[in-house]
Amino acid sequence: MNININESWKPYLQEEFDKPYYQSLINFVKQEYKTHICYPVASAIFAAFDHCEFQDLKVVIIGQDPYHGLNQANGLCFSVHDGIQHPPSLINIFKEIETDLGYTYPKSGNLEAWAKQGVLLLNASLTVRAHQAGSHQNRGWETFTDAVIKKVSENKQDVVFLLWGGFAKKKASLIDKSKHQILTSGHPSPLSANRGYWFGNKHFSKTNELLLAKDFQEINWKLN
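Since we're looking at a predicted model, the values are computed, not measured.

1. Quick notes on the packing of helix 2 (residues 20-35) against helix 6 (residues 141-155)
Okay, step 1: Look at helix 2 against helix 6: their axes get within 9 Å of each other, and the N-to-C directions meet at 125°. Relative to helix 6, the element helix 2 lies oblique. Helix-helix and strand crossings are classified by hand; for helix 2 and helix 6 the assignment is left-handed. Residues Y21, Y22, L25, I26 and V29 of helix 2 touch helix 6, and the partners they reach there are W141, T143 and F144.

Written as structure tokens, this is what we have:
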């Protein structure tokens, strides 16, 4: 099992790779993948970094856990493989884009096109055991992904962070608010969205407004 990360990130994360917690984490992950079905496939564990190189990063979206159902997780938060039924949170993300930007609801739930435009789709935990939500939490992934957020905050300028739900909002303490923009709302899950905490946040148009104000190219959120 080969676990590696995109070269553009290595200068910023090498010190994390050398820490004892990270070595312990990777040993745990390797053992889990040997003895259980885990998601995403090993080659996609660092897909968020592979599809969004450090120099291109403009937006960060933070999720919690990879999907733990068959063939769902592809290494990008909220994203699923082509041809896979859209999970409830992703449905609500697309519904908000429909009303915010007027785009038609997409067939594919694969968000790779966003990542390639500079959207880091980062889960707090990068792996999970099949059908066991949260099974790889508190093993070191959160330490690593918190370090990723800090490194982005320290080494980039004018990144837009989208923090959806209570878990993601806690990450605000890792971000230098004098250098970056933070947009918060409820989580797109049905529980939150149906209570009125998600729909109408207009985070997709607002993100583009913030990017254009800093002379960055806006994100094309349209997937069709």
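2. Observations regarding the sheet that holds strand 6 (residues 181-185)
Okay, step 1: The parallel open sheet is built from four strands, whose spatial order is 3-2-5-6. Each of the sheet's edge strands pairs with one partner strand only, and the pair in question is strand 3 (119-123) and strand 6. Geometrically, the sheet is characterised by an average inter-axis angle of 20° between neighbouring strands, direction not taken into account.
Okay, step 2: Direction of pairing for strand 5 (residues 160-164) relative to strand 6: parallel, over a ladder of five bridges. Bridge pairing in strand 6 links V160 to Q181.
Okay, step 3: Its contacts with the sheet place helix 6 against strand 2 (59-63), strand 3 and strand 5, and it is angled at close to 155° to strand 3.

3. Some remarks on the environment of A115
Okay, step 1: Residue position: A115 is located in helix 5 (residues 112-115).
Okay, step 2: A115 sits 103 residues away from E218 along the chain, and the two C-alpha atoms are 13 Å apart.
Okay, step 3: Beyond its immediate sequence surroundings of up to four residues, A115 is in contact with H51, C52, L76 and L121.

4. Overview of the pattern of salt bridges
Okay, step 1: Inspection of every chain in the model, using the stated rule, returns seven salt bridges.
Okay, step 2: Between E16 and K19 there is a salt bridge, with its nearest N and O atoms 2.9 Å apart.
Okay, step 3: A salt bridge links R129 to E32; its shortest N-O distance comes to 2.8 Å. With R129 in strand 4 (residues 128-129) and E32 in helix 2, the pair connects residues that are 97 residues apart, well separated along the chain.

Cut-off values and rules
- Residues numbered from 1 in each chain as written.
- Predicted model: local features only at pLDDT ≥ 70, side-chain atom pairs only at ≥ 80, totals over all residues.
- Heavy atoms only, no water.
- Axes fitted to C-alpha atoms, helices over the stretch in contact; angles between N-to-C directions.
- Helix = DSSP H or I, 4+ residues; strand = E, 2+ residues; numbered from the N terminus.
- Parallel < 35°, antiparallel > 145°, perpendicular 65-115°, else oblique.
- Left-handed = near helix turned anticlockwise from the far one by under 90°.
- Contact = heavy atoms within 4.5 Å.
- Pairing = 2+ DSSP bridges.
- Salt bridge = Lys/Arg side-chain N within 4 Å of Asp/Glu carboxyl O.

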